[in-house]
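Examining the three-dimensional arrangement
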Amino acid sequence: MLSIVKKNMSYFIAYVTVIFILTAILRIALGNEQTVPLVMISGVLIFLMVFGPVFFNEQYEEKHKAYDFLDILPVNASEIVSAKFGIVLVTVAATAGYLLLLFAVSKVAPNDWILVRSYILMSSVVCLLFAALSYIGIFSLGYTKFAMIVMSFFVLLGFVPILIMKFYRDNMDVFIENILSFLRQVNWLAVIPLVLIGYFCLMFIAIKIKE
Amino acid sequence: MDNPENILELQNVKKKYKGFVLDGVSLSLPQGYILGLIGPNGAGKTTTIKILMNMVKRDDGEVRVFGQDPQKKAKQIKNKVGYLGEEQYFYGNKTVAWTGKFVSTFYDDWDTNTFQHLLTDFQISRTKKTRELSKGMKVRFSLALALSHDPELLILDEPTAGLDPVIRREVLELLRKKSKNEGKSVIISSHITDDIMRTADLVAFLIKGKIVLASDKDELLSNWKRIHYKKGALGSEIVNSLTRRKDHAFGSSGVTDRYLEIKDALVQGITEGVVKIESINLDDILISLVKGA
């Protein structure tokens, strides 16, 4: 299983290195006053950092018919799938930890810190679940088909801001305050274990599909 | 099932696809033997082999490889099996050396020295990327990978398809040696009957998803003969039992699958020169069976 982890790690390591350096540079360049934009960017970066490697890896696997190759070797589907899920989990945890540390050492007001922490954890959770669902989609439909679906999904996602603008045109402040209030109220000590349970359930489903 | 002398056993194995049915395949392979699985394209050879490797799930029936069910113990079974498929898949941008190292991590009994020797014997460059290997080289490389963990059983699906005659002969010779000198068991599927003729001890004909004939190869060839006869030289019972009957200028001919049984009845005709016996090959038997099916 270790060799599968090692083979899959290369894209993740490349992404993590670039993004860790990039966020550190941005933090220094923007200073403490620009915390909000940097936090927003960080959330997107977490997403990219997992999605890039997951999709690059799977495209590579499909191109080389890697699952046919692995199929003849003495390795269980559970080992292949858990290696992939494990890497994603470690990457998300490391990135969330790194970003939290990056903001923790800065002079962020205690009230803002709750939001920063919540936003980074929320991004990580969404990213984790989306990565798990992506593996399920790829194992069920194949990379090419699933990538098309995801692309269509992202195109549709582009309409969400338009819908938000339509419904909250006159009271955007209320909309933003609702989101901030939600982020402040999330009990992460309860949410994180639940998300992890959900993640492992999705991993189990992915194993069953791969078997 | 579970005969300890058999390395692998299939009992009434079924698999249904759209437009194809593997219909109750039963086979067994004793240790140290080479079993040739012969059949036309689309007969179900690859499906049968993939079921053995747990690459395809059977719908029904029982399968035992080393006494274990591949669906439950695939990892343990594959650890003792060398597999060579019709197509060879590798990470194309990785080198031969990297691929060998990667594959080695999965096997308990991988022997790096054997692998290195095989690469040298097969003249495969360690630094070449696998996508740069020719079809023949890929087959030889796959064979090197399949043999480097000293497998007890070799499962080969159309291993010589697309190979030139020199490499083909080389591969078959190697398999023969592995079986005779090291007691390895081999199951080899092919529609090229000449390959089976050269290597196999046992043969099984798979036609339209069914095993229509399974036998010791020499016994089979002793029983299947083409009989040429002049009109009236054979009794009607024998004539009616012949398949692929043809009439031509010099008489008639047909194929029998029970020569040893009717041999005595033919002696007189042979002595008088009105009956001639011709040996036939597996190709002829396959054609007879396909036409019969």
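In what follows, the structure referred to is the one given above.
Residues numbered from 1 in each chain as written. Chains lettered and ligands numbered in written order. Predicted model: local features only at pLDDT ≥ 70, side-chain atom pairs only at ≥ 80, totals over all residues. Heavy atoms only, no water.

1. Examining the overall build of chain B
- Summing up its helical and strand segments, chain B has 11 helices and 13 strands in all.
- When its C-alpha atoms are laid out on the principal axes, chain B stretches across 70 × 40 × 35 Å.
- Counting over 293 residues, chain B shows a buried share of 51%.
- Expressed as a percentage of contacts within chain B between residues at least 6 apart in sequence, the contacts between residues at least 24 apart total 70%.
- Surface exposure of chain B reaches about 13,800 Å², of which carbon and sulfur atoms provide 46%. (Helix = DSSP H or I, 4+ residues; strand = E, 2+ residues; numbered from the N terminus. Buried < 20%, exposed > 50% of the residue type's maximum accessible area, 1.4 Å probe, protein only. Contact = heavy atoms within 4.5 Å. Areas by Shrake-Rupley, 256 points an atom, 1.4 Å probe, with all protein chains shown as cover.)

2. Topic: the sheet that holds strand 13 (residues 275-279) of chain B
Residue and element names in this part refer to chain B.
- Here four strands make up an open sheet; going across it, the order is 11-12-10-13 and the pairing antiparallel. This sheet does not close on itself; its edge strands, each paired only once, are strand 11 (243-248) and strand 13. Sheet twist, expressed as the mean angle between neighbouring strand axes with direction ignored, is 20°.
- Sheet analysis places strand 10 (residues 225-229) next to strand 12 (residues 251-256), joined by five bridges and oriented antiparallel. The residue of strand 12 that forms the bridge with arginine 226 is valine 255. (Pairing = 2+ DSSP bridges. Axes fitted to C-alpha atoms, helices over the stretch in contact; angles between N-to-C directions.)

3. Structural notes on a nonpolar patch on the surface
All names here are of chain A.
- On the surface, Phe153, Phe154, Leu157 and Val160 cluster together to form a nonpolar patch covering roughly 300 Å² of accessible area.
- The biggest single contributor to the nonpolar patch is helix 6 (residues 143-157), with three residues.
- Along the chain, phenylalanine 154 turns up in helix 6.
- Judged by relative accessible area, which is 33%, phenylalanine 154 ranks as partly exposed. (Patch = residues over 30% accessible without salt bridge, like charges linked within 9 Å, V, L, I, M, F, W, Y side chains within 5 Å. Salt bridge = Lys/Arg side-chain N within 4 Å of Asp/Glu carboxyl O.)

4. A closer look at the packing of helix 4 (residues 77-104) of chain A against helix 5 (residues 110-141) of chain A
Residue and element names in this part refer to chain A.
- Contact geometry for helix 4 and helix 5: axes closest at 10 Å, N-to-C directions at 165°. Between helix 4 and helix 5, the angle falls in the class roughly antiparallel. For the pair helix 4 and helix 5, the crossing hand works out as right-handed. Contacts between helix 4 and helix 5 pair Val81, Lys84, Phe85, Val88, Leu89, Val92, Ala96, Leu99, Leu100, Phe103 and Ala104 from the former with Trp113, Val116, Arg117, Ile120, Leu121, Ser124, Cys127, Leu128, Ala131, Ala132, Tyr135 and Phe139 from the latter.
- Among the residues forming the contact of helix 4 with helix 5, the class breakdown is 20 nonpolar, one polar and two charged. (Parallel < 35°, antiparallel > 145°, perpendicular 65-115°, else oblique. Left-handed = near helix turned anticlockwise from the far one by under 90°. Nonpolar A, V, L, I, M, F, W, Y, C, P; charged D, E, K, R; others polar.)

5. Comments concerning the interface of chain A and chain B
- Listed by partner, the interface residues are 19 residues for chain A and 20 residues for chain B.
- Taken over both partners, the interface formed by chain A and chain B buries close to 1,900 Å², and the fraction arising from carbon and sulfur atoms is 65%.
- Interface area lost by chain A to chain B is led by A:Phe69, A:Ile72 and A:Pro74, which between them contribute 35%.
- Where chain A packs against chain B, one counts one salt bridge.
- Between A:Glu79 and B:Lys75 there is a salt bridge, and its shortest N-O distance comes to 3.0 Å.
- For the pair chain A and chain B, the interface holds six residue pairs in polar contact (both at pLDDT 80 or more).
- Broken down by secondary-structure element, the contributors of at least two residues to the side of chain A that touches chain B are helix 1 (2-30), helix 2 (35-63) and helix 3 (66-71) of chain A.
- A per-element tally of the side of chain A that touches chain B places helix 3 of chain A first, with five residues.
- In terms of residue class, the side of chain A that touches chain B is made up of nine nonpolar, three polar and seven charged. (Buried area = accessible area lost by both parts, 1.4 Å probe. Polar contact = N/O pair within 3.5 Å; in protein donor to acceptor, adjacent residues only side chain to side chain.)

6. Things to note about the nonpolar core
- Formed by 102 residues in total, the largest nonpolar core has its most connected members in A:Val88, B:Phe141, B:Phe205, B:Leu282 and B:Ile285.
- With 13 residues, helix 4 of chain A is the largest single contributor of residues to this core.
- Counting contributing residues, this core receives three or more from each of domain 1 (6-220) and domain 2 (224-292) of chain B.
- Setting aside chain neighbours within four positions, we find B:Ile285 in contact with B:Phe205, B:Leu213, B:Leu220, B:Leu221, B:Trp224 and B:Ile280.
- Membership of the second largest hydrophobic core comes to 29 residues, among which are B:Ile49, B:Val65, B:Phe66 and B:Tyr83. (Core = buried A, V, L, I, M, F, W, Y, C linked by side-chain atoms within 4.5 Å. Domains from an automatic or database assignment.)

7. Observations regarding the pattern of salt bridges
Residues and elements named next belong to chain B.
- In this structure the tally under the stated criterion is 19 salt bridges over all chains.
- The residue arginine 198 makes a salt bridge to aspartate 194 at a minimum N-O spacing of 3.3 Å. Of the two residues, arginine 198 and aspartate 194 both sit in helix 7 (residues 193-199), four residues apart, roughly one turn of that helix.
- By relative accessible area, arginine 198 is classed as partly exposed at 37%.

8. Examining helix 6 of chain A
Residues and elements named next belong to chain A.
- An ideal rise of 1.5 Å per residue puts 21 Å on 15 residues; helix 6 measures up with 20 Å between its terminal C-alpha atoms.
- Inspection of helix 6 places Tyr143, Phe146, Ala147 and Val150 among the buried residues, and these make up the whole buried set. All buried residues of helix 6 lie within an arc of 105° about the axis, which places them on one face of the element. The exposed residues of helix 6 that point more than 90 degrees off its buried face are Lys145, Met148, Val155 and Leu156. (Expected span 1.5 Å × (residues − 1). Arc of directions from axis to C-beta.)

9. Overview of unusual backbone geometry
All names here are of chain B.
- At asparagine 54, a position not held by glycine, the phi torsion is positive, near 60°.
- Mapped onto the fold, asparagine 54 is located in the loop between helix 1 (45-52) and strand 4 (60-65).
- Phi angles above zero are rare outside glycine, and aspartate 150 is one such case at about 50°.
- Turning to its location among the elements, aspartate 150 is positioned in the loop between helix 5 (135-147) and strand 6 (153-157).

10. Observations regarding the side chain of B:Ser189
Residue and element names in this part refer to chain B.
- Its location among the elements puts serine 189 in strand 7 (residues 185-190).
- Among the residues examined, serine 189 registers a relative accessible area of 0% and is labelled buried.
- A polar contact is formed between the side chain of serine 189 and the side chain of aspartate 157, at a distance of 2.7 Å.
- Not counting residues within four places of it along the chain, the set of residues in contact with serine 189 comprises Leu37, Lys45, Ile49, Leu156, Asp157, Glu158 and Pro159.

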